[in-house]
Amino acid sequence: MCSQFGEYLCHRCCEIWKLPPQRLFIASVPIYITVPYTEQVARVVVKAKENGNKEAQKLLARVLAKNLRQLRCDNEIRNALLVPIPSSRRSTRRRGENFLLTIVEKLMAEFDDPNISIEIAEILRHRRKVLDQSGLNQSERRENMRGAFTLVDPLEALSKRKQTIIIVDDVVTTGSTIHAAISAFREAGFTVAGAIVACASTYRFPIR
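Fair warning: this is a prediction, and the values are worked out from it, not measured in the lab.

Draft legend 1. Region of interest: helix 4 (residues 54-75). In a regular helix each residue adds 1.5 Å, so 22 residues correspond to 32 Å; helix 4 covers 31 Å between its end C-alpha atoms and thus fits that length. Here helix 4 has its buried residues at A56, Q57, L59, L60, A61, V63, L64, A65, N67, L68, L71 and R72. Measuring from the side-chain oxygen of the N-cap residue of helix 4 to the backbone nitrogen of E55 gives 3.1 Å; that N-cap residue is N53.

Structure representation (structure tokens):
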């Protein structure tokens, strides 16, 4: 794997991607993560997200698949909807694809657990515009994302309400984005079983 990314992955970084899933909680929902968001890892995520690098995307998908297996084992989930955090329309136009949807589709190709039935559901959308989170502190991020999401179609949501939700994201920092997504689903009467995230900042996940 390292040779495919050159400077972006050293030996230690390769080992980081192989770490077992860790669990934290946001709004009492278990969040499964694997990789500390180091500078080297951030470069891989950027290549996957902004450059559409297929190998980088596949690496993220493998990590998410590993997290999904652990979530299923810990919570005995049999049926679930995988819901990617939506990108803004502007970001989707700039990248030429819905980044997380692409990752989740690759995840499905990597996932081979016969004990759970899963499908992708793009039923979450932005209710309003939000600021770029990168320059905001913890409290500003929380306020920026408060009430930011809603469901795409109330009738479609109603038909899927009996199914369990698993939220998917690439990176968690303060947790404000996932918290907002959880709130949107709870308001609509859904059960959120958990979330799977490839990477977490050192704020959430101390580097080992």
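That covers the picture; the talk isn't over yet.
Draft legend 2. Broad picture of the packing of aromatic side chains. For the structure shown, the criterion picks out 1 aromatic pair. Look at F185 and F190: their rings are 5.5 Å apart centre to centre, the planes differ by 70°, and that puts the pair in the edge-to-face class. Relative accessible area serves as the criterion here: at 0%, F185 is assigned to the buried category. A relative accessible area of 5% means that F190 is categorised as buried.

Draft legend 3. Molecular detail of the packing of helix 4 against helix 6 (residues 99-110). The interhelical angle for the contact between helix 4 and helix 6, taken along N-to-C directions, is 65°, at an axis separation of 8 Å. In this structure, helix 4 crosses over helix 6, and the sense of that crossing is right-handed. Contact residues: K54, Q57, K58, L60, A61, R62, L64, A65, L68 and R69 in helix 4; F99, T102, I103, K106, L107 and E110 in helix 6. The class makeup of the residues in the contact of helix 4 with helix 6 is 8 nonpolar, 2 polar and 6 charged.

Draft legend 4. How the structure looks around the pattern of salt bridges. With the rule as written, the count across this model stands at 6 salt bridges. With its nearest N and O atoms 2.8 Å apart, the salt bridge here joins D170 to K49. Separated by 121 residues along the polypeptide, D170 in strand 8 (residues 164-172) and K49 in helix 3 (residues 39-49) bring together distant segments of the chain. For D170, a relative accessible area of 7% translates into the label buried. Between E110 and R62 there is a salt bridge; the shortest N-O distance is 3.6 Å. Here E110, found in helix 6, pairs with R62, found in helix 4; they are 48 residues apart in sequence, far enough to count as distant. Residue class for E110 comes out partly exposed when judged on its relative accessible area of 27%.

Calculation notes
Residues numbered from 1 in each chain as written. Predicted model: local features only at pLDDT ≥ 70, side-chain atom pairs only at ≥ 80, totals over all residues. Heavy atoms only, no water. Helix = DSSP H or I, 4+ residues; strand = E, 2+ residues; numbered from the N terminus. Expected span 1.5 Å × (residues − 1). Buried < 20%, exposed > 50% of the residue type's maximum accessible area, 1.4 Å probe, protein only. Polar contact = N/O pair within 3.5 Å; in protein donor to acceptor, adjacent residues only side chain to side chain. Phe/Tyr/Trp six-rings, centres within 6.5 Å; stacked < 30°, edge-to-face > 60°. Axes fitted to C-alpha atoms, helices over the stretch in contact; angles between N-to-C directions. Left-handed = near helix turned anticlockwise from the far one by under 90°. Contact = heavy atoms within 4.5 Å. Nonpolar A, V, L, I, M, F, W, Y, C, P; charged D, E, K, R; others polar. Salt bridge = Lys/Arg side-chain N within 4 Å of Asp/Glu carboxyl O.

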